[in-house]
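The chain contents come next:
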Amino acid sequence: AQRVTQPEKLLSVFKGAPVELKCNYSYSGSPELFWYVQYSRQRLQLLLRHISRESIKGFTADLNKGETSFHLKKPFAQEEDSAMYYCALQPNSGNTPLVFGKGTRLSVIA
Amino acid sequence: KAGVTQTPRYLIKTRGQQVTLSCSPISGHRSVSWYQQTPGQGLQFLFEYFSETQRNKGNFPGRFSGRQFSNSRSEMNVSTLELGDSALYLCASSLVAGVNTGELFFGEGSRLTVL
């Protein structure tokens with residue numbers, strides 16, 4: 001079965017420090033990986049997907065198939081980055097739904 | 001374009017009661033998914049509907065059910081409520097269902113409290 005693991009429930013960093021939110025997945029095929037974000041009092045929304053290879057709000061994520069990881073990184077954290085971040089996997093085999101990790105709460109301290 | 005709309009936003013029920021939650025997807029979106037969000041478990045998939053057909057079902061007991069109407073609006077029902085059903089129930093819509101579904105658009109959720 002597919003599984004997404006986010007080992008950190010809470011990650012606190014100082015403003016301007018680099019941030020890395022970890023995501024590991026378990027899936028034997030070639031998945032699509034996503035990062036979703038939920039800011040305070042806002043809806044859960046897509047931040048980025050690996051297939052786009054883009055940087056959104058300064059965040060990037062690289063799919064490492066060897067390590068089955070999809071860590072989210074930003075070189076300089078901002079206070080407005082404080083939010084709940086969810087890593088999600090879409091199996092690339094048939095009509096299967098997104099599988100989410102349990103989420104990591106990022107707190108950026110001024 | 002209006003976003004995904006969920007009603008009611010908040011509700012309180014007692015054990016043993018039942019509840020029906022409603023979701024109106026973004027216009028033109030035919031796929032609707034439901035997730036249960038709790039602090040300890042994150043987002044857990046409940047079910048997905050596409051063109052009035054249940055495409056996928058998560059690992060929840062039969063007390064949890066859903067349906068989709070011809071206008072793509074969806075409802076989920078939980079019968080014989082238990083304390084552990086207290087959660088935020090999220091609905092998400094997407095343009096199509098299937099492989100590489102693409103972006104999910106989430107509603108604000110229905111927060112259910114079971115006393």
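Before any of the text, the structure's been laid out above.
Residues numbered from 1 in each chain as written. Chains lettered and ligands numbered in written order. Predicted model: local features only at pLDDT ≥ 70, side-chain atom pairs only at ≥ 80, totals over all residues. Heavy atoms only, no water.

1. Here's the deal with the sheet that holds strand β8 (residues 72-74) of chain A
Residues and elements named next belong to chain A.
For step 1, the next point in the chain: Strands sit in the order β3-β8-β7 across an open sheet of three strands; the sheet is antiparallel. Because the sheet does not close on itself, it has two edges, and the strands there are β3 (19-21) and β7 (60-61).
For step 2, the next point in the chain: Pairing geometry for β7 and β8, over two bridges, is antiparallel. Note on β8: the bridge partner recorded for A61 is L72. (Pairing = 2+ DSSP bridges. Helix = DSSP H or I, 4+ residues; strand = E, 2+ residues; numbered from the N terminus.)

2. Describing the packing of aromatic side chains
Residues and elements named next belong to chain A.
For step 1, the next point in the chain: Taken as a whole, this structure holds eleven aromatic pairs over all chains when the rule is applied.
For step 2, the next point in the chain: With centroids separated by 6.4 Å and ring planes inclined at 85°, the aromatic side chains of Y86 and F100 adopt a geometry described as edge-to-face. One end of the pair, Y86, is in strand β9 (residues 83-90); the other, F100, is in strand β10 (residues 99-100), with 14 residues separating them in the sequence.
For step 3, the next point in the chain: Assessed through its relative accessible area of 3%, Y86 is described here as buried.
For step 4, the next point in the chain: We classify F100 as buried; its relative accessible area is 8%. (Phe/Tyr/Trp six-rings, centres within 6.5 Å; stacked < 30°, edge-to-face > 60°. Buried < 20%, exposed > 50% of the residue type's maximum accessible area, 1.4 Å probe, protein only.)

3. Quick notes on the environment of S74 of chain B
All names here are of chain B.
For step 1, the next point in the chain: For S74, the location among the structural elements is in strand β8 (residues 74-78).
For step 2, the next point in the chain: Separated by 40 residues in the primary sequence, S74 and W34 have C-alpha atoms spaced 9.3 Å apart.
For step 3, the next point in the chain: Setting aside residues up to four positions removed in sequence, S74 forms contacts with L21, S22, C23, V32, W34, Y49, R67, Q68 and F69.
For step 4, the next point in the chain: Of the polar contacts made by the side chain of S74, one reaches the side chain of W34; its length is 2.9 Å. (Contact = heavy atoms within 4.5 Å. Polar contact = N/O pair within 3.5 Å; in protein donor to acceptor, adjacent residues only side chain to side chain.)

4. Re unusual backbone geometry
For step 1, the next point in the chain: Here the bond from T7 of chain B into P8 of chain B is cis, since omega is -10°, no more than 30 degrees from zero.
For step 2, the next point in the chain: Looking at the element boundaries, P8 of chain B is found in the loop between β1 (5-7) and β2 (10-13).
For step 3, the next point in the chain: Phi is positive for R41 of chain A, which is not a glycine, with a value near 60°.
For step 4, the next point in the chain: Inspection of the secondary structure puts R41 of chain A in the loop between β5 (32-38) and β6 (45-49).
For step 5, the next point in the chain: Judged by relative accessible area, R41 of chain A falls into the exposed class, the value being 82%.
For step 6, the next point in the chain: The residue T80 of chain B is not glycine, and still its phi comes out positive at about 45°.
For step 7, the next point in the chain: Take T80 of chain B: it is sitting in the loop between β8 and β9 (87-94).
For step 8, the next point in the chain: A relative accessible area of 46% means that T80 of chain B is categorised as partly exposed.

5. Quick look at the sheet that holds strand β7 (residues 64-68) of chain B
Either a parallel or an antiparallel arrangement is found when strands of a sheet pair, and the pairing is made through backbone hydrogen bonds.
Residue and element names in this part refer to chain B.
For step 1, the next point in the chain: Spatially, the four strands line up as an open sheet ordered β1-β3-β8-β7, and their pairing is antiparallel. If you trace the sheet from one side to the other, it starts and ends with β1 and β7, each paired once. Taking the axes of each pair of neighbouring strands and ignoring which way they run, one obtains an average angle of 15° across the sheet.
For step 2, the next point in the chain: Relative to β8, strand β3 (residues 19-24) is paired through five bridges, and the arrangement is antiparallel. Across the sheet, T20 pairs through a bridge with N77, a residue of β8. (Axes fitted to C-alpha atoms, helices over the stretch in contact; angles between N-to-C directions.)

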